[in-house]
Amino acid sequence: MVTSKNRFICNNHQDMWVRGSPCSADHSVFIENTTRGKVILAIYVDDILLTGSDSKGIQKIKERIFTEFMTKDLGLQKYFVGIEVLQSRHGIVLSQIKYALHLLEETRMTGCKPVDTPMDANTKLCGGTGEDVGAPGRGLLYKNHGHFNITGFSDANWAGSPDDRKSTSGFFTVIGGNLVTWKSKNQNVVARSSIEVEYRAMAHTVSELLWVRSLLAEFGFYKEASMEL
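Our subject in this report is the structure included herewith. (Residues numbered from 1 in each chain as written. Predicted model: local features only at pLDDT ≥ 70, side-chain atom pairs only at ≥ 80, totals over all residues. Heavy atoms only, no water.)

1. A word on the overall build of the chain
Note the following rule: Helix and strand definitions here come from DSSP, where helices need a minimum of 4 consecutive H or I residues and strands a minimum of 2 consecutive E residues; each element is numbered from the N-terminal end. Buried means the residue's accessible area, taken with a 1.4 Å probe over protein chains only, is under 20% of the maximum for its type, while exposed means over 50%, and partly exposed covers the values in between. Contact between two residues is taken to exist if any of their heavy atoms lie within 4.5 Å; hydrogens are not considered. Note on areas: Shrake-Rupley, 1.4 Å probe, and residue coverage restricted to the protein chains presented here.
Of the regular secondary structure elements, the chain holds 3 helices and 14 strands. Counting every position in the chain, which comprises 229 residues, the buried fraction comes to 26%. Considering only intrachain contacts with a sequence separation of at least 6, the fraction spanning at least 24 residues in the chain is 44%. Accessible surface, the chain: about 16100 Å² in total, of which carbon and sulfur atoms supply 53%.

2. Concerning the side chain of Thr151
Tracing the backbone through its elements, the reader meets Thr151 in strand S12 (residues 150–157). The buried category is assigned to Thr151, whose relative accessible area is 15%. Leaving out residues up to four positions away in the same chain, Thr151 has contacts with Phe172, Thr173, Val174, Leu209 and Glu228.

3. Considering helix H3 (residues 194–219)
Because each turn of an α-helix spans 3.6 residues, side chains separated by three or four positions in sequence point in the same direction. Stated precisely, the cut-off is as follows: One fewer than the residue count of a helix, multiplied by 1.5 Å, yields its expected span.
With 26 residues, H3 should cover 38 Å at 1.5 Å per step; its first-to-last C-alpha distance of 38 Å lies within 8% of that length. Every buried residue of H3 is listed here: Val197, Ala201, Thr205, Glu208, Leu209, Val212, Leu215, Leu216 and Phe219. Tucked inside the fold, the buried residues of H3 contact strand S5 (29–34), strand S6 (37–44), S12, strand S13 (168–175) and strand S14 (178–186). Two residues or fewer after H3 comes Gly220, characterised by a positive phi angle close to 85 degrees.

4. Let's talk about the packing of aromatic side chains
The condition is simple: Note on aromatic pairs: the rings of Phe, Tyr and Trp (six-membered ring only in Trp) are paired at centre separations within 6.5 Å, and the planes decide the class, stacked below 30 degrees, edge-to-face beyond 60, tilted for the rest.
If you walk through the whole model with that rule in mind, you get 3 aromatic pairs. For the pair Phe148 and Phe221, a centre-to-centre distance of 5.6 Å together with 5 degrees between the ring planes defines the contact as stacked. With Phe148 in the loop between strand S11 (139–142) and S12 and Phe221 in the segment after H3, the pair connects residues that are 73 residues apart, well separated along the chain. Look at Phe148 and you get partly exposed, because its relative accessible area is 47%.

5. Side note on the sheet that holds strand S9 (residues 83–88)
Paired through their backbone hydrogen bonds, the strands of a sheet run either parallel or antiparallel. Test applied: We treat two strands as partners when DSSP finds at least two bridges between them.
With antiparallel pairing, the 4 strands of this open sheet are ordered in space as S8-S9-S10-S11. The two strands at the open ends of the sheet, each matched to only one other strand, are strand S8 (79–80) and S11.

6. Regarding the sheet that holds strand S7 (residues 47–52)
Spelled out, the test is: Between N-to-C directions, angles span 0 to 180 degrees; the directions come from axes that are lines fitted to C-alpha atoms, helices contributing only their stretch in contact.
Across the sheet, 4 strands lie side by side as S4-S5-S6-S7; this open sheet has antiparallel pairing. Each edge of the open sheet carries a strand with a single partner, namely strand S4 (21–22) and S7. Here 6 bridges tie S6 to S7, and the two strands are oriented antiparallel to one another. Each bridged residue has a counterpart across the sheet, and for Ile43 the counterpart in S7 is Ile48. Across the sheet, helix H1 (residues 55–68) touches S5, S6 and S7, and the angle it forms with S7 is around 160 degrees.

7. With respect to the environment of Gly37
Following the sequence through the fold, Gly37 ends up in strand S6. Under the relative-accessibility criterion, Gly37 is labelled partly exposed at 23%. Along the chain, Gly37 and Gly52 lie 15 residues apart, while their C-alpha atoms are 7.4 Å from each other. The residues contacting Gly37, other than those within four sequence positions of it, are Glu32, Ser53 and Asp54.

8. Some remarks on unusual backbone geometry
Positive phi, normally seen in glycine, also occurs at Val45, with a value near 55 degrees. Looking at the secondary structure, you find Val45 in the loop between S6 and S7. For Val45, a relative accessible area of 69% corresponds to the exposed category. Positioned with a positive phi, Val81 is a non-glycine residue whose angle comes to about 45 degrees. Mapped onto the secondary structure, Val81 falls in the loop between S8 and S9.

Structure, rendered in structure tokens:
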């Protein structure tokens, strides 16, 4: 995919373009502001997700894509980048049951026993040891709470890895009372103190919050307000 001013071009045997500006926070997302609202297009390999407040604009983009490529309109979103989407009057549920079951089948672990989450806080897992566990039948419910407040949470475990004594950073961000991003990984260096570990985790969380705010601002959903950490 090659981007240029006020348009995007997909090179796949033939070229296709629609008006729209690439999102600076995520270059796989394109935004078009129309007189009737906004159209947002997200691309991942050969999957395309269209949404927005301008239904006529969405239809025009669909027609443009249909004339250039052999594509199929799947209707309301049900599956995207390995995530199943269930929509109801109560909200939207995201889950990876199908993907998780596929991984269990590939690794011959379909007989593993499920466990409650979160796990015991004192449990430490080592590479190549421990029992096989899993709980694929879980999902996330997203509801309209009437606001777009942005909040971040961070935590760290000093020298918690029994393999190399490195610390673990973890964070997640919440928009409008709904979980949107999360991450947990070993820090790159061995920290000398728990304070150093906590500050590293907070720095990663602040960086994520700034990215989330930038993305929402381009979508037109963000109003100037302080974020909480």
